[in-house]
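Observations on the three-dimensional arrangement
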Amino acid sequence: MHQLAIALKRKGYQITGSDDEIFEPAKSNLETEGILPQAFGWFPERIHPSLDAVILGMHAKEDNPELLKAKELGVNIYSFPEYIFKESLNKTRVAIGGSHGKTTTTSMIMHVLKQAGKKFDYLVGAKLEGFDQSVDITDAPLIICEADEYPASIIEKRPKFHFLFPHIAVITGIAWDHINVFPTFENYLEQFEIFIQKIETGGYLIYNESDDVLNKLVNENRRADINYYPYTVPQHSITSGTTTLTIEGNQKELKVFGNHNLLNLNAAWLVCKQLDIPAKDFLSAISTFTGAAKRLELLAKNDNTIVYRDFAHAPSKARATIEAAKQQFPDKKLIAVFELHTYSSLNAAFLKEYEGVMEKVDEASVFYSKHALELKRMPELEKSVVDDGFRKKGLKVFNTRKDLEGWLGGIDYKDSVLLLMSSGNYEGINTEEFAKKITG
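Description of the structure in this document.

Analysis parameters
- Residues numbered from 1 in each chain as written.
- Predicted model: local features only at pLDDT ≥ 70, side-chain atom pairs only at ≥ 80, totals over all residues.
- Heavy atoms only, no water.
- Helix = DSSP H or I, 4+ residues; strand = E, 2+ residues; numbered from the N terminus.
- Rg over C-alpha atoms; globule rule 2.2 N^0.38 Å.
- Buried < 20%, exposed > 50% of the residue type's maximum accessible area, 1.4 Å probe, protein only.
- Contact = heavy atoms within 4.5 Å.
- Areas by Shrake-Rupley, 256 points an atom, 1.4 Å probe, with all protein chains shown as cover.
- Lys, Arg positive; Asp, Glu negative; His and termini not counted.
- Charge placed at Lys NZ, Arg CZ, Asp CG, Glu CD.
- Phe/Tyr/Trp six-rings, centres within 6.5 Å; stacked < 30°, edge-to-face > 60°.
- Axes fitted to C-alpha atoms, helices over the stretch in contact; angles between N-to-C directions.
- Parallel < 35°, antiparallel > 145°, perpendicular 65-115°, else oblique.
- Left-handed = near helix turned anticlockwise from the far one by under 90°.
- Pairing = 2+ DSSP bridges.
- 1 Å grid on protein atoms, 1.4 Å probe; cavity = no way out; pocket = protein on both sides within 12 Å on 5 of 7 lines; lining within 4 Å.
- Points joined across faces, edges and corners; volume = space filled by probe spheres on them.
- Nonpolar A, V, L, I, M, F, W, Y, C, P; charged D, E, K, R; others polar.
- Core = buried A, V, L, I, M, F, W, Y, C linked by side-chain atoms within 4.5 Å.

Further remarks concern the overall build of the protein chain. Summing up its helical and strand segments, the protein chain has 14 helices and 18 strands in all. Taken over C-alpha atoms, the radius of gyration comes to 22 Å for the protein chain, in line with the 22 Å a tight globule of 440 residues would show. With respect to the three principal axes, the spread of C-alpha positions in the protein chain is 65 × 55 × 45 Å. Out of the 440 residues in the protein chain, the part that is buried amounts to 52%. Partitioning the contacts of the protein chain with sequence separation of at least 6, the portion at a separation of at least 24 is 68%. Within the structure as shown, the protein chain displays about 20,400 Å² of accessible surface, and the carbon and sulfur contribution to it stands at 47%. In the protein chain, 51 side chains carry a positive charge and 60 a negative one; their mean positions are 3 Å apart.

In structure tokens:
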């Protein structure tokens, strides 16, 4: 939300905003732009009939006093994606959806378009090298949107990606997530069916046909008025820990690796192809892509130890990250720490979805914080329930930072790859410092 506020201010709009708490880096970013609220809290007197619009973030509750005042006065109220669509009515809209790989695929497309000198707006869920914002709204003729399935706002419960109406749509894969919103897998699947129906007539659906669930869903919901471009893992080779990609007879070494990244890359290529980027130019640009923040992000390495941080939090994401590391470094010991941090992953009923995820890990541990359970107002979670869910022989389960640090401190990291997988922070562990310590 604060990135959108900055983008709209830079476009020339008069922007004000409210929140009951603002943390870093949002606080400093807003202050630098001169739009940090003078006081935190909700001030309904700031809402008046001459406002063009109120844009509602997910943090606001239904009884928010400013929201109630806006409703009373009949001021236009938009969720984040509804407003993005309003700003992009006259643009070519590209929307990247799917249960996993959205951020990376979006980032890859942005990276290539920037290298190609194309003007475009964007909305992406991570910090990306070469871009000072994660949202940009200008007068560009094209917008690239990471399009997720989470509800748009407290008063608009439909998924965000139902509001973008893309000309070019991507679905990277489907794996049940957000069980607090979509209590059954069938309900979750339905959201993607609706997304396909939202593609503009004459548009394009680029989808991962190697995902059986997605392939079935696409074939059962085919439209005669859009174009279909299925993709799988592209032609490539791996030599001495480096992946070389081949597209239309052109070859380039990559800085990213793993089948999940190759799938993301193929989706990005098919989008860029529709945007008139030649294969040679795409490969030249993508060969310099180092990844989005916290997506198989290299923290530190020496001659025999490599440490990666990854945002993986859902079963499909963790599995893909582990398989990528095992495929790229088959002769190294694989050590993994996975943090249960999201509502879904901390739910005892959902833990069975993680069965087999850690199978290829040589030394595996799972961490969860009692504090995270308290914040989410969830019941206590027994270690035995976690162990039963993962069903990994030798798995270590920890629910205190001290115990996790003790385990990490006792491991031999010679000839190994360490994966730190979390959407949290292991109750405050500085992973960058730890990575440098064991590789220094």
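Once you've had a look at it, read on.
Glancing now at the packing of aromatic side chains. A full pass over the atoms with the stated rule returns 23 aromatic pairs. Relative to Phe192, the ring of Tyr188 has its centre 5.3 Å away and its plane inclined at 70°; by these criteria the two rings are edge-to-face. Here Phe192 and Tyr188 lie together in helix H6 (residues 185–197), a separation of four residues that amounts to about one turn. Taken individually, Tyr188 and Phe192 each receive the classification buried, so the pair is uniform in this respect. On the basis of an interplanar angle of 85° and a centroid distance of 5.7 Å, the ring pair of Phe257 and Phe329 is categorised as edge-to-face. Remark: Phe329 occurs in the loop between helix H10 (315–328) and strand E15 (333–340) and Phe257 occurs in the loop between strand E12 (250–253) and helix H8 (259–274); sequence separation between them is 72 residues. As far as burial versus exposure is concerned, Phe257 and Phe329 are alike and both buried.

Put simply, helix H5 (residues 102–115) and helix H9 (residues 279–286) touch, their axes get as near as 9 Å, and they point 110° apart. Overall, the two elements H5 and H9 adopt an arrangement that is roughly perpendicular. At the point where H5 passes H9, the crossing takes the right-handed sense. Contact residues: Met108, His111, Val112 and Gln115 in H5; Phe282, Ala285 and Ile286 in H9.

All right, on to unusual backbone geometry then. A cis amide bond links Glu24 with the next residue in sequence, Pro25, at an omega value of 5°. Unusually for a residue other than glycine, Leu296 sits at a positive phi of about 45°. The topology assignment puts Leu296 in the loop between H9 and strand E13 (297–301).

Further remarks concern the sheet that holds strand E7 (residues 168–171). If you trace the seven strands from one edge of the open sheet to the other, you get E5-E4-E6-E3-E7-E8-E9, paired in mixed fashion. If you trace the sheet from one side to the other, it starts and ends with strand E5 (135–136) and strand E9 (227–231), each paired once. Here strand E3 (residues 92–97) pairs with strand E6 (residues 142–146) via five bridges, running parallel. The partner of Thr92 across the bridge, within E6, is Leu142. Its contacts with the sheet put H6 on E3, E7 and strand E8 (204–208), and the angle it makes with E7 is roughly 160°.

In terms of burial, strand E14 (residues 305–310) is a largely internal element, six of the six residues being buried. Of the two faces of E14, both are covered, the one formed by Thr305, Val307 and Arg309 as well as the one formed by Ile306, Tyr308 and Asp310. With four bridges connecting them, E13 and E14 associate as antiparallel partners. By the bridge assignment for E14, Leu298 is matched with Tyr308.

The subject of this paragraph is the sheet that holds strand E10 (residues 236–239). Within the open sheet, the three strands sit side by side as E10-E11-E12. Their pairing is antiparallel. A single partner strand is all that each edge strand has here, and the edge strands are E10 and E12. Taken over all neighbouring pairs, the strand axes of this sheet differ in orientation by 20° on average, direction set aside. With four bridges connecting them, E10 and strand E11 (residues 242–247) associate as antiparallel partners. Across the sheet, residue Ile238 finds its bridge partner in E11, namely Thr243. Strands in contact with H9 are E11 and E12; relative to E12, the strand with the most contacts, it is inclined by about 5°.

Quick look at the layout of surface pockets now. Empty space among the atoms becomes visible once a probe the size of a water molecule is rolled across them. Here the second largest pocket is characterised by a volume of approximately 510 Å³. Secondary structure elements with two or more residues in the lining of the second largest pocket: E11, E13 and E14. By residue number, the principal contributor to the lining of the second largest pocket is E13, which donates three residues. Here the lining of the second largest pocket is built from residues that sort into 12 nonpolar, eight polar and six charged.

Residues Ile84, Leu205, Leu340, Met358, Val386, Phe390 and Leu419 are the most contacted members of the largest nonpolar core, which totals 70 residues. Looking at this core element by element, the count peaks at five residues for H6. Leaving out residues up to four positions away in the same chain, Leu205 has contacts with Ala169, Ile171, Ile196, Ile199, Val218, Ile226, Asn227, Tyr228 and Tyr229. With 39 residues, the next largest nonpolar core counts Val112, Val124, Ile144 and Ile277 among its residues.

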